[in-house]
Amino acid sequence: MTDMRVSLPGLEMKNPVMPASGCFGFGKEYSEFYDLSRLGAICVKAVTPEMRKGNPTPRVAETGGGMLNAIGLQNPGLSHVMEDELIWLQQFDVPVIVNIAGNTPDDYCRVASAVSDLPNVSAVELNISCPNVKEGGIAFGTDPVIARELTEKVKQVCSVPVYVKLSPNVTDIVSIARAVEAGGADGLSMINTLLGMRIDLNTGRPVLANGSGGLSGAAIKPVAVRMIHAVSQEVSIPIIGMGGVTCAEDALELILAGASAVAVGTQNFADPFACPSIIDGLTETVKRYNVNAISELTGRSWRTSDRQILTAR
Amino acid sequence: MKRIERMKILKNRPIASRIYELELEGDLVKEMKSPGQFVHLKAADGLDTTLRRPISICHIDREAGTFTMLYRTEGKGTQLLSRRQAGERLDVLGPLGTGFPVEGFSHQTRCLLIGGGIGVPPLYELARQLTARGHKVTTVIGFRSAEDVFYEDAFRELGYVYVATEDGSRGTKGFVTDVIDRHISEWDRYFTCGPRPMLRAVEARLGPDGWVSLEERMGCGVGACLACVCDEKNGSGYRKVCTDGPVFRAEEVVV
Ligand SMILES: Cc1cc2nc3c(=O)[nH]c(=O)nc-3n(C[C@H](O)[C@H](O)[C@H](O)COP(=O)(O)OP(=O)(O)OC[C@H]3O[C@@H](n4cnc5c(N)ncnc54)[C@H](O)[C@@H]3O)c2cc1C
Ligand SMILES: Cc1cc2nc3c(=O)[nH]c(=O)nc-3n(C[C@H](O)[C@H](O)[C@H](O)COP(=O)(O)O)c2cc1C
Ligand code: FES
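Residues numbered from 1 in each chain as written. Chains lettered and ligands numbered in written order. Predicted model: local features only at pLDDT ≥ 70, side-chain atom pairs only at ≥ 80, totals over all residues. Heavy atoms only, no water.

Trainee: So what's going on with the overall build of chain B? Residues and values would help.
Mentor: Counting its regular elements, chain B contains five helices and 16 strands. Its C-alpha atoms give chain B a radius of gyration of 17 Å, near enough to 18 Å, the size a compact globule of 255 residues would have. Counting only C-alpha atoms, chain B reaches 50 × 45 × 35 Å along its principal axes. Every one of the 255 residues in chain B was classed for burial, and the buried ones make up 58%. Within chain B, contacts between residues separated by at least 24 positions form 61% of all contacts whose residues are at least 6 apart in sequence. Counting only carbon and sulfur atoms, one obtains 45% of the accessible surface of chain B, whose full area is about 10,600 Å². Taken together, the 36 basic and 35 acidic charged side chains of chain B have centroids lying 3 Å from each other. (Helix = DSSP H or I, 4+ residues; strand = E, 2+ residues; numbered from the N terminus. Rg over C-alpha atoms; globule rule 2.2 N^0.38 Å. Buried < 20%, exposed > 50% of the residue type's maximum accessible area, 1.4 Å probe, protein only. Contact = heavy atoms within 4.5 Å. Areas by Shrake-Rupley, 256 points an atom, 1.4 Å probe, with all protein chains shown as cover. Lys, Arg positive; Asp, Glu negative; His and termini not counted. Charge placed at Lys NZ, Arg CZ, Asp CG, Glu CD.)

Trainee: Got a sec to walk through the packing of helix H4 (residues 144-157) of chain A against helix H5 (residues 173-182) of chain A? Specific residues and values, please.
Mentor: Residue and element names in this part refer to chain A. Packing of H4 against H5 leaves a shortest axis separation of 8 Å and a crossing angle of 30°. The angle between the axes of H4 and H5 places the two elements in the roughly parallel class. In this structure, H4 meets H5 at a crossing whose hand is right-handed. Here Pro 144, Ala 147, Arg 148 and Thr 151 of H4 come into contact with H5, specifically with Ser 175, Ile 176, Ala 179, Val 180 and Ala 182. Counted by class, the contact of H4 with H5 contains six nonpolar, two polar and one charged residues. (Axes fitted to C-alpha atoms, helices over the stretch in contact; angles between N-to-C directions. Parallel < 35°, antiparallel > 145°, perpendicular 65-115°, else oblique. Left-handed = near helix turned anticlockwise from the far one by under 90°. Nonpolar A, V, L, I, M, F, W, Y, C, P; charged D, E, K, R; others polar.)

Trainee: Lay out the nonpolar core in plain terms, naming residues and giving numbers.
Mentor: Among the nonpolar cores identified, the biggest contains 138 residues, and Val 98 and Ile 240 of chain A together with Ile 114 of chain B are the most heavily contacted of them. Counting residues per element, this core draws most heavily on helix H7 (residues 248-257) of chain A, at seven residues. Here Ile 240 of chain A is in contact with Leu 8, Leu 11, Met 18, Ile 97, Tyr 163, Leu 188, Ser 189, Met 190, Ala 261 and Ala 263 of chain A, once residues within four sequence places are set aside. (Core = buried A, V, L, I, M, F, W, Y, C linked by side-chain atoms within 4.5 Å.)

Trainee: Go over the site of ligand 1, please, and point to the residues and values.
Mentor: Residues and elements named next belong to chain B. For ligand 1, the set of nearby residues contains 20 residues, the closest of which are Arg 53, Pro 54, Gly 75, Gly 77 and Thr 78. A distance of 2.6 Å separates an oxygen atom of ligand 1 from a polar atom in the side chain of Arg 53. Within the backbone of Arg 72, a nitrogen or oxygen atom sits 2.8 Å from an oxygen atom of ligand 1. Taken by itself ligand 1 offers 830 Å² of open surface, and the protein chains cover 87% of this. With four residues, the top contributor of residues to the shell around ligand 1 is strand S4 (residues 53-56). Of the residues contributing to the shell around ligand 1, the split by class is nine nonpolar, four polar and seven charged. (Near = heavy atom within 4 Å. Polar contact = N/O pair within 3.5 Å; in protein donor to acceptor, adjacent residues only side chain to side chain.)

Trainee: Explain the domain arrangement of chain B to me, and be specific about the residues and the numbers.
Mentor: Residue and element names in this part refer to chain B. Each domain of chain B was delimited in the assignment, giving domain 1 (3-96) and domain 2 (110-213). Placing the centre of domain 1 and that of domain 2 at their C-alpha centroids yields a distance of 23 Å. Carbon and sulfur atoms supply 61% of the area that domain 1 and domain 2 bury against each other, a total of about 1,300 Å² over both sides. Taken together, the connections running from domain 1 to domain 2 amount to seven residue pairs in polar contact (both at pLDDT 80 or more). Counting residues per element, the ones that place at least two in the side of domain 1 that touches domain 2 are strand S1 (4-16), strand S2 (19-25), strand S5 (59-61) and strand S6 (66-72). The element contributing the most residues to the side of domain 1 that touches domain 2 is S6, with four residues. (Domains from an automatic or database assignment. Buried area = accessible area lost by both parts, 1.4 Å probe.)

Trainee: Quick one: what's the story with the interface of chain A and chain B, residue by residue and with numbers?
Mentor: Each side of the interface is counted separately: chain A has 30 residues, and chain B has 29 residues. Summed over both partners, the interface of chain A with chain B buries about 2,600 Å², with 60% contributed by carbon and sulfur atoms. Considering only the side of chain A, the residues that lose the most area to chain B are Phe 33, Glu 62 and Phe 269 of chain A, jointly responsible for 23% of the buried surface there. Here chain A and chain B share four salt bridges between them. Here Glu 62 of chain A ties to Arg 53 of chain B by a salt bridge, and the two come within 2.7 Å at their closest N and O atoms. At the boundary of chain A with chain B, the tally comes to ten residue pairs in polar contact (both at pLDDT 80 or more). Contributions of two or more residues to the side of chain A that touches chain B are made by strand S5 (60-63), strand S6 (66-69) and helix H8 (267-270) of chain A. Ranked by residue count, the leading element in the side of chain A that touches chain B is S5 of chain A, at three residues. (Salt bridge = Lys/Arg side-chain N within 4 Å of Asp/Glu carboxyl O.)

Trainee: Hey, could you go over the packing of aromatic side chains for me, with residue numbers and the actual values?
Mentor: For the coordinates displayed, the defined rule picks out 17 aromatic pairs over all chains. Consider the rings of Phe 105 of chain B and Phe 191 of chain B, whose centres lie 6.0 Å apart with planes at 75°: the pair is edge-to-face. Placement of the pair is Phe 105 of chain B in the loop between strand S7 (89-96) and strand S8 (110-116) and Phe 191 of chain B in strand S12 (residues 189-193), with a sequence separation of 86 residues. With respect to burial, Phe 105 of chain B and Phe 191 of chain B carry one shared label: buried. Clustering of aromatic rings is evident, with ring pairs tying together Phe 24, Tyr 30, Phe 33, Tyr 34 and Phe 273 of chain A. Directly above the aromatic system of Trp 211 of chain B lies the positively charged group of Arg 249 of chain B, at a separation of 4.7 Å from the ring centroid. (Phe/Tyr/Trp six-rings, centres within 6.5 Å; stacked < 30°, edge-to-face > 60°. Lys NZ or Arg CZ within 6 Å of the ring centre and 35° of its normal.)

Below is the structure:
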């Protein structure tokens, strides 16, 4: 048996697989399909200080090999999440990551400092890369100086490790990654969705009410692989990889690129059992490699320190 | 625990212009009760489609262990679906959502069912369950043209049926609301499913004492992604079409 456990700042995970933020609500819906304790971790929907209504509908559209979404960070707000959703998650033996969004650094700090006091919140993830809101969000994620300052501010008030979720909608993702590492980030999550649009041929108008949205799903996996491959060689903090994972082989590809853990987003919609089936598949797939622990495979696509070529049996 | 089942296709055949009747067999049928609920299905295996497609349950045959859906070919998913053959398996998630109520009505309630186009199918199981409980069902169904009409005879077995077509090639010329204005005066409860403009027109005429079934683009279909929300009528809240709906009290949501 290959050891499937992975250990990241704040996260002692049974296996490297978790649902990605926004694709799993706060877990309740999927707890009706399987025991959430099977997951390596759970990353919940973005939380903002006050409740947010989000964008008008249609909010989703299918694309070749993927989908666009413009949910607009709809969530019930910090106090409801603290008093209801996060308490409910305490019944499961699984680390929880709270994804945080906001319009100002103060918004991020308020949520981070409040949720990090809860016993089952193991880490926070700063969503500085949401493409679907008018202010804040992506602006924090496209400027290295602003991204660093935000990270520093949150680190001062947050008592659990801080992961920063990077946007792929930048020219040089490595410079953003380095900046947030310098700002004290404990880890990185990447990638968020790519900006995209679809136009309805019948109306001549964009399909999404918001106009543009974030592209996710199988189609974006090569982008994620390339960016994780580039960033993981330039930083020393671990990466939670995501973007287009639909099966165990995809998860493995992100790990070989440089991810220490993997998040599954859109595939939960196609298959509510996506996470457990990827966990089972991964447990089988890693047997093909000559390693004792899955963590040994992280970054094997570029790690030249061991010159051994990885051979799958 | 909720499940997915690869259900067996018994029948998948055209019954009107671009309208197919799809019959599936499997264990999930045992869990199907409420008319107006839907299933979320994968039109094809593999990555051809990223998202599932929501389709209403049209007829439940619990004894045979089968259920029927009617769908109209629109885009990629429904076209792929129309090519599936009897004997193949289809990946089905469901039953999902909150359907139409059939309990708690007084004896022999006069039920008015109003459907437009591809909103007609869920009303069929509703009509069956209401008549089985002794209520009186009148159905008003609207289509674009005679070639689009389906299930008229099936509804006729369950009560009085009015058909409207926009071009007048069958039944009353015009919309379901023209039939209502001209022929319907007595009813106790109404139940409606169809395109938004029709739902709005129906609600404007008949008021809040009814149930409307809404359509919205979906991601997960189970309440997790917030793709499918609609606004509450009173207050600033929202409702999810996939779990709180698709059927709502007319007074509850903004149609
Ligand atoms: C609760 C509910 C019940 C439904 N019941 C039926 C039914 O019984 N029979 C039937 O023919 N149709 C029904 N529909 C509409 C049906 O879901 C769409 O026609 C279908 O998803 C279109 O898929 P497509 O691949 O052909 O079109 P595409 O345009 O290629 O689909 C692209 C994406 O948009 C979504 N989409 C497109 N049109 C609609 C729509 N009108 N409503 C919701 N999502 C849409 C698709 O699901 C898919 O995710 C229902 C919709 C809902 C929400
Ligand atoms: C419907 C939807 C909602 C999302 N909401 C959030 C969110 O609230 N916060 C966030 O950081 N990322 C959000 N994401 C991005 C995902 O977490 C993930 O980074 C992205 O979808 C790529 O992974 P995938 O291809 O596996 O879906 C959302 C994605 C989708 C599809
Ligand atoms: S479709 Fe995901 S919440 Fe309704």
